[in-house]
Amino acid sequence: MNSNNIINVSHDAMGIKPERRSMLQSSSPRSHGSKGHALPQDSEENRGSIGGQSSTSVVDQVRTPPEDGGVTSSSTICPAPVCRQFWKAGNYTDELSSKSHQPTGKNYLHVHPLFLHSNATSHKWAFGAVAELLDNAVDEIQNGATFVNVDKTTNPRDGTTALLIQDDGGGMDPQAMRHCMGFGFSDKKSDSSIGRYGNGFKTSTMRLGADVIVFSRHFKDQTWTQSIGLLSYTFLTRTGHDRIVVPILDYEFKASTSEFQRLQDREHFISSLSILLEWSPFSTEAELLQQFDDVGQHGTKVIIYNMWLNSDAKLELDFDSVAEDILIEGSIKKTGSKIVNDHIASRFAYSLRVYLSILYLRIPETFKIVLRGMVVEQHNIADDLMHPQYILYKPYAAGRVEAEVVTTIGFLKEAPRVNLSGFCVYHKNRLIMPFWQVVRNANSSGRGVVGALEANFVEPTHNKQDFEKTDLLQKLENRLKEMTLEYWKCHHVLIGYQDTKKPRPKVPKNVQPGGKTNGNMFPTNSAGDSGRQARSPPPGFQAVFPNANLPSRPRVSVEPVVLEKRKEHPDFVASAASRRRVGDNGFNVPGQNQFVHGSAIRVQDTETVKLIEENKKLRAKWLDHKVRSQNLELKAINLRSEIGNVKSEYERLMEELQALSVMKEERRRGNVNT
């Protein structure tokens, strides 16, 4: 018995080779592919599994009678996995299983079901897995998607909680469904696409639950198809399979009958259907097909069930505490003040609504993320900043500029009451590292400083929660640290922190020409003075030395004020020294010290003005880019709207054409009968 609807996943190109129909396309749940008609058959050796494994090795395990009338599941309860805790679910053995296969001598490798679990361990954080599934929907915006819905649903078999993720994107044809269930297939070539590796669907769904069933409807080139696929870790472990088996059902709409008809032959169809009815949440084919009622003409529905439990035997995702949100059970840690606990930088770690609000840097107004029946309001981190600055960063690699990145940096509006800081780093519009702390000082330096940037020149890891550790990333981290400390140094006084700069050495009072002070810096006699007669300071020094009847110090005591400025402005030293004159009595000529000091301040002020002007230019450049971006987005929205109108008109005309075809066929039959 051969099957083009039961997939045997093998390491042969990490692919899926269904029998009799080559239906391969994209690993993304939203890809577009080939037409629904039959494609060339595979060779006899390849039929049944990848790499030449006999077809009976898989199909005979689930052989059912050829009659398909009234096929239903014999089980009233959808079996749960052996272990309900994700981090312990990898304890899998098939040593005693009759489903293991002996080597046949042929050159192939297959993928063991344990790989589904080990592959999913890349997601340490459950929300990271949810974000992977949303990325597929966001990538479908270019194909007309207007929403993605994340909600709680119920497994009709046993009443347990399941997770629903649904969008109205382009959907998947039979080829795309097989790539979705396979490994390493991706046809996302657009620069704006988030998905890349063809692995996200498997890692994310298996991280959230043991089993997932997918319903997808696709319309293209006058071919309307719908497919159902099941990826079940429970099925594979309970039946002792030593390779991944994925049952898939395919249907195509026939205008002649005005209904969807199965694409596979009867025997193949029943083989997959029997697995789906036993191991999915639905016990009849009619219940399976009912899931398309709210999908529309195109779109995808993903249901993850047998969801994982935490160490306390509670669902890892908490659907009950907040009606409009999904929380991570046991992750709410309220250790600081209320203002810190309630801040977005603290809440995103356990609130899916908060995390989704900052997950994307830009979302078109025509697209909505709906969580538990309520639209997620998008939140821009830059809007939370006061005293913002816009800093241009040009990373270099191999002697050339890799990119130009504008970083927005500032203080949180709640500073200094919140001890939160870090950078939200995006890649191709997607948040990769939220509030990345690049400065960890024991003192208050950097406290309350937050920034946001889009770093497309560094590559994210497979789970999209970190970046690959490269030289460019290290340079970025070092530069962000410099930005933080520089910004703090220049602006911390604006939010109430004391100036941490070392004060200039002050000119001691009680100075006499050639004498000593009675302070700690100079020795004094038993009488408390220098032993010299007090003299009044020269003319012009009254403002600096108001007390003229105290002991004096030598002329070197006035030098630090000028030398400090000389160190800061070396180019100014020569010109200042050439203008400086010393009097006969050992003191500077009146007014000269003030001239040098004032000139140094003016130079410093000039540099500050230059920095301010440069910052204004950068801000103007950023605003110009922002306006251009908004204009382009507006044009894109208008074009998408026009495309949508044309598409609707096209679909209307197609429906009329199909109706006319039906009427024509009926008239023909009527003429034949008469």
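Residues numbered from 1 in each chain as written. Predicted model: local features only at pLDDT ≥ 70, side-chain atom pairs only at ≥ 80, totals over all residues. Heavy atoms only, no water.

### Section: the overall build of the protein
Working step 1: Each helix and strand in the protein was counted, giving 15 helices and 19 strands.
Working step 2: Per-residue burial for the protein yields a buried fraction of 49% across its 674 residues.
Working step 3: Summing over all exposed atoms, the protein offers an accessible surface of approximately 32700 Å²; the carbon and sulfur share of this is 51%. (Helix = DSSP H or I, 4+ residues; strand = E, 2+ residues; numbered from the N terminus. Buried < 20%, exposed > 50% of the residue type's maximum accessible area, 1.4 Å probe, protein only. Areas by Shrake-Rupley, 256 points an atom, 1.4 Å probe, with all protein chains shown as cover.)

### A short note on the environment of Lys124
Working step 1: Examined against the element boundaries, Lys124 turns out to sit in the loop between helix H2 (114–120) and helix H3 (126–139).
Working step 2: Along the chain, Lys124 and Gln465 lie 341 residues apart, while their C-alpha atoms are 9.2 Å from each other.
Working step 3: Engagement of the side chain of Lys124 in a polar contact is seen with the backbone oxygen of Thr121, the distance being 3.3 Å. (Polar contact = N/O pair within 3.5 Å; in protein donor to acceptor, adjacent residues only side chain to side chain.)

### Here's the deal with the side chain of Asp325
Working step 1: Relative to the elements of secondary structure, Asp325 occurs in the loop between strand S9 (317–318) and strand S10 (327–328).
Working step 2: Notably, Asp325 is buried but unbridged: the nearest opposite-charge side chain belongs to Arg353, and the N-O separation is 4.9 Å.
Working step 3: Among the polar contacts made by the side chain of Asp325, one reaches the main-chain amide nitrogen of Arg353 at a distance of 2.9 Å.
Working step 4: Excluding residues that lie within four positions of it along the chain, Asp325 makes contacts with Asp318, Phe319, Ser351, Leu352, Arg353, Leu371 and Arg372. (Lys, Arg positive; Asp, Glu negative; His and termini not counted. Salt bridge = Lys/Arg side-chain N within 4 Å of Asp/Glu carboxyl O. Contact = heavy atoms within 4.5 Å.)

### Observations concerning the sheet that holds strand S19 (residues 449–454)
Working step 1: Ordered by their spatial adjacency, five strands build an open sheet running S13-S16-S19-S17-S18, and the pairing between neighbours is mixed. Each edge of the sheet is formed by a strand with only one pairing partner; in this case those strands are strand S13 (385–393) and strand S18 (430–436). Strand-to-strand twist of the sheet, defined as the mean angle between neighbouring strand axes without regard to direction, takes the value 15°.
Working step 2: Here strand S17 (residues 422–427) runs beside S19; their pairing, made up of five bridges, is parallel. Bridge pairing in S19 places Phe423 opposite Gly451.
Working step 3: Across the sheet, helix H12 (residues 471–491) is in contact with S13, strand S16 (405–412), S17, S18 and S19; its angle to S13 comes to roughly 140°. (Pairing = 2+ DSSP bridges. Axes fitted to C-alpha atoms, helices over the stretch in contact; angles between N-to-C directions.)

### Section: the pairing of strand S3 (residues 161–167)
Working step 1: Counting buried residues in S3 gives seven out of seven residues, a clear majority hidden from the surface.
Working step 2: Going residue by residue along S3, you find Thr161, Leu163, Ile165 and Asp167 tucked away on one face and Ala162, Leu164 and Gln166 tucked away on the opposite face as well.
Working step 3: As paired strands, strand S2 (residues 147–154) and S3 are joined by seven bridges and run antiparallel to one another. Considered in S3, the bridge of Asp151 is made with Leu164.
Working step 4: Counting the residues in the hairpin turn of S2 and S3 gives six residues, including Gly159, whose phi is positive at 80°.

### Considerations on the side chain of Asn615
Working step 1: Residue position: Asn615 is located in helix H15 (residues 592–673).
Working step 2: Apart from the residues within four sequence positions on either side, Asn615 is in contact with Gln389 and Tyr390.

### Details of the packing of H3 against helix H5 (residues 200–208)
Working step 1: Look at H3 against H5: their axes get within 8 Å of each other, and the N-to-C directions meet at 135°. Put simply, H3 runs oblique to H5. As H3 runs across H5, the sense of the crossing is left-handed. Contacts between H3 and H5 involve Ala126, Ala129, Val130, Glu132 and Leu133 on the former and, on the latter, Gly200, Phe201, Ser204, Thr205, Arg207 and Leu208.
Working step 2: Counted by class, the contact of H3 with H5 contains six nonpolar, three polar and two charged residues. (Parallel < 35°, antiparallel > 145°, perpendicular 65-115°, else oblique. Left-handed = near helix turned anticlockwise from the far one by under 90°. Nonpolar A, V, L, I, M, F, W, Y, C, P; charged D, E, K, R; others polar.)

### Quick word on the confidence of the model for the protein
Working step 1: The predicted model of the protein has a mean per-residue pLDDT of 75, with 66% of residues at 70 or higher.
Working step 2: Ranking the helices and strands of the protein by mean pLDDT puts strand S11 (residues 368–371) first, with 98, and helix H1 (residues 56–59) last, with 32.
Working step 3: Below pLDDT 50 for its whole length, residues 1–5 participates in 31 contacts with residues either more than four positions away or in separate chains.
Working step 4: Counting contacts from residues 513–597, a segment whose pLDDT is below 50, to residues more than four positions away or on other chains yields 128 contacts. (pLDDT = per-residue confidence, 0-100.)

### Focus: the nonpolar core
Working step 1: Leu163, Ile213, Leu288, Leu317 and Tyr355 are the most contacted members of the largest nonpolar core, which totals 93 residues.
Working step 2: Element by element, the count of residues in this core is highest for H3, at nine residues.
Working step 3: Looking at this core, you find at least three residues from each of domain 1 (113–339) and domain 2 (380–495).
Working step 4: Sequence-distant contacts of Tyr355, defined by excluding residues within four places in its chain, comprise Trp125, Phe127, Ala131, Phe348, Arg430, Leu431 and Gln465.
Working step 5: By size, the runner-up hydrophobic cluster in this structure holds 29 residues, among which are Val425, Ile432, Trp436 and Ala455. (Core = buried A, V, L, I, M, F, W, Y, C linked by side-chain atoms within 4.5 Å. Domains from an automatic or database assignment.)

### Observations concerning the pattern of salt bridges
A side chain with one charge may pair with a side chain of the opposite charge, provided their charged atoms come close.
Working step 1: Throughout the structure, instances matching the rule amount to 20 salt bridges.
Working step 2: When the shortest N-O distance is used, the salt bridge between Glu454 and Arg362 registers 3.3 Å. Of this pair, Glu454 sits in strand S19 while Arg362 sits in the loop between helix H11 (352–358) and S11, placing them 92 residues apart in sequence.
Working step 3: Put simply, Lys394, Glu404 and Lys621 are held in one network by salt bridges that share partners.

### Regarding the packing of aromatic side chains
One pair of aromatic rings is described through two measures. These are the centre distance and the angle between the planes.
Working step 1: The final tally for this structure, using the stated rule, is 17 aromatic pairs.
Working step 2: Taking 6.3 Å as the distance between ring centres and 65° as the angle between the ring planes, the aromatic pair formed by Tyr393 and Phe457 counts as edge-to-face. Linking Tyr393 in strand S13 with Phe457 in the loop between S19 and H12, this pair joins segments that are 64 residues apart in sequence.
Working step 3: The exposure class of Tyr393 is buried, given its relative accessible area of 9%.
Working step 4: For Phe457, a relative accessible area of 12% gives the class buried.
Working step 5: Ring centres of Phe411 and Trp488 lie 6.1 Å apart, and the angle between their planes is 65°; this geometry places the pair in the edge-to-face category. (Phe/Tyr/Trp six-rings, centres within 6.5 Å; stacked < 30°, edge-to-face > 60°.)

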